[in-house]
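# Observations on the three-dimensional arrangement
The lines below spell out each chain.
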Amino acid sequence: MGEVRLDPWGHFAIERYEKLFKQFGIQPIDNVIDKLPVKHYFFTRKIVFGHRDFDKWIDALKKGEKVAVLTGFMPSGHTHLGHLMVIEELRYLQSLGAHVKIVVADAEAYAVRRKSRREVIEYGVEYIAHALAWGLDPEKTEFYFQTAHTTPYYRLIQMFSRKVTIAEMEAIYGKLEPSKIMAALTQAADILHMQLEEYGGYKYILVPVGADQDPHIRLSRDIADRFENELGLRRPSSFYHKFIRGLDGNKMSSSHPDYAVFLLDTPETVKRKVLMALTGGRATAYEQRRLGGVPEKCVVYELYMYFLYNRDEDLYKLYRDCVEGRILCGEDKRRAVKLLNDLLKKHRRKYKEVVNSGLPSRVVKVPSF
Ligand code: TRP
């Protein structure tokens, strides 16, 4: 027992995430946590593990400057718990007083995934309804589809194309096709456009994203430097979260629906999925009691850490009960099913209200095809 490190916030792949610091100059989140006016558990648990210039953005927020948050998602499937992480981050940042804007990356989804336009649009509308149901304020949140924005935004994409080279983009992204070049420049316009007067003139932009999106942040920061004089652009800030894993232990994704928890999954489906999830349990109950489990391996523990246990004391107790062999996986899973279904039931009720009120299309211009 003495060898078990009691670190409930530890993550199975923290080493891999830490490599990003050295290799790409992402800053560890630790130094910024104390600056946060309200400390969300995503930060204290290191689910959000790194950032670029987030400290500058917090300073601006505290000084009462106009600050905004811009993030986006690719509508290539139904909304799942991975998406909900970003929505929760946005809810939190909005509660601190930031202006929030969400882009539905329908152009990107069409270009890089094999989906029809109709599907992509439907998934986009679904996501917006979830964001509003989760508590984003419809009066204070802006939404747009990449294919249905206004002229100055598109002009930016065209202007950006002049000041980047293929060699430089391939150094960031690897081999590129036209679709991906378009998607990358479009994402740079997403990230930078709110700085234009037409879009509010927000000079402090924060982009909360999964770690895989950092290439886009790097490109956008380079582009901002090059358009400092011509357009008055400044570098955006960003922070990065770890991915919530799917129930098989790989990244949660709608392309592996059996291992993802979708926000509209029925209680029975949630139960079926969670009961078969990968845990850090031992081969037998006897061994589990003797040796304890390995929460770092366990995706059910991850559900508790990301969504089910907001109080650190509860999570810490669960961690200890597991590593010290006092709780077995079956019991742990049944409790997770109950908590997750309670959470989703409440959310689904709100979701229905939002949809019935016709809200998504009142706050976003839905593309016609
Ligand atoms: N590329 C992002 C994804 O795959 C979606 C996206 C488009 C985005 N534009 C953005 C994310 C701007 C953050 C900021 O999910």
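Residues numbered from 1 in each chain as written. Predicted model: local features only at pLDDT ≥ 70, side-chain atom pairs only at ≥ 80, totals over all residues. Heavy atoms only, no water.

Before going further, it helps to examine the overall build of the chain. A tally of helices and strands in the chain yields 18 helices and 7 strands. Relative to the 2.2 N^0.38 estimate, which gives 21 Å for 369 residues, the radius of gyration of the chain is 21 Å and therefore close to what a compact globule would have. The principal-axis extents of the C-alpha atoms in the chain amount to approximately 70 × 45 × 40 Å. When the 369 residues of the chain are sorted by exposure, 54% land in the buried category. Here the analysis covers contacts within the chain between residues at least 6 apart in sequence; of these, 77% occur between residues at least 24 apart. (Helix = DSSP H or I, 4+ residues; strand = E, 2+ residues; numbered from the N terminus. Rg over C-alpha atoms; globule rule 2.2 N^0.38 Å. Buried < 20%, exposed > 50% of the residue type's maximum accessible area, 1.4 Å probe, protein only. Contact = heavy atoms within 4.5 Å.)

In terms of nonpolar packing, the biggest core is built from 79 residues, with F43, F54, W57, L81, I102, F307 and L340 touching the most fellow members. With 9 residues, the top contributor of residues to this core is helix α15 (residues 299–308). Excluding residues that lie within four positions of it along the chain, L81 makes contacts with I244, M252, V261, L263, L303, F307 and L340. Of all hydrophobic cores here, the second largest spans 39 residues; its members include Y17, L70, A188 and Y202. (Core = buried A, V, L, I, M, F, W, Y, C linked by side-chain atoms within 4.5 Å.)

Another aspect to go through is the site of the ligand. Within the structure, the ligand sits among 15 residues, and G72, E108, Q187, D190 and Q213 are positioned closest to it. Between the ligand and Q187 there is a distance of 2.8 Å, counted from a nitrogen atom to a side-chain nitrogen or oxygen. Side-chain polar atom of D190 to a nitrogen atom of the ligand: 2.8 Å apart, as the coordinates give it. The cavity where the ligand resides is the largest pocket. If one sorts the elements of the shell around the ligand by residue count, strand β3 (residues 67–73) sits on top with 4 residues. Here the residues of the shell around the ligand sort into 8 nonpolar, 5 polar and 2 charged. (Near = heavy atom within 4 Å. Polar contact = N/O pair within 3.5 Å; in protein donor to acceptor, adjacent residues only side chain to side chain. 1 Å grid on protein atoms, 1.4 Å probe; cavity = no way out; pocket = protein on both sides within 12 Å on 5 of 7 lines; lining within 4 Å. Sits in = over half its atoms within 2 Å of the grid points. Nonpolar A, V, L, I, M, F, W, Y, C, P; charged D, E, K, R; others polar.)

On to the environment of H216, then. With respect to the helices and strands, H216 occurs in helix α11 (residues 214–226). When the C-alpha atoms of H216 and S95 are compared, they prove to be 26 Å apart, with 121 residues separating the residues in sequence. The contacts of H216, once residues within four sequence positions are left out, are Y173, A184, Q187 and I191. Looking at H216, its side chain comes within polar contact range of the side chain of Y173, at 2.9 Å.

To continue, consider the pairing of strand β6 (residues 204–210). Most of β6 is tucked away: 6 of the 7 residues are buried. As paired elements, β3 and β6 share 3 bridges and run parallel to each other. Bridge assignment links A68 to a residue of β6, and that residue is I205. Here β6 pairs with strand β7 (residues 237–241) via 5 bridges, running parallel. Looking at β7, one finds that V209 is bridged to Y240. (Pairing = 2+ DSSP bridges.)

Below, the discussion takes up unusual backbone geometry. Notably, K46 is not glycine yet its phi reads approximately 60°, a positive angle. By the secondary structure assignment, K46 is in the loop between α3 (41–44) and β2 (48–52). Of note, the phi angle at D53 is positive, near 55°, even though the residue is not glycine. What makes D53 buried here is its relative accessible area of 19%.

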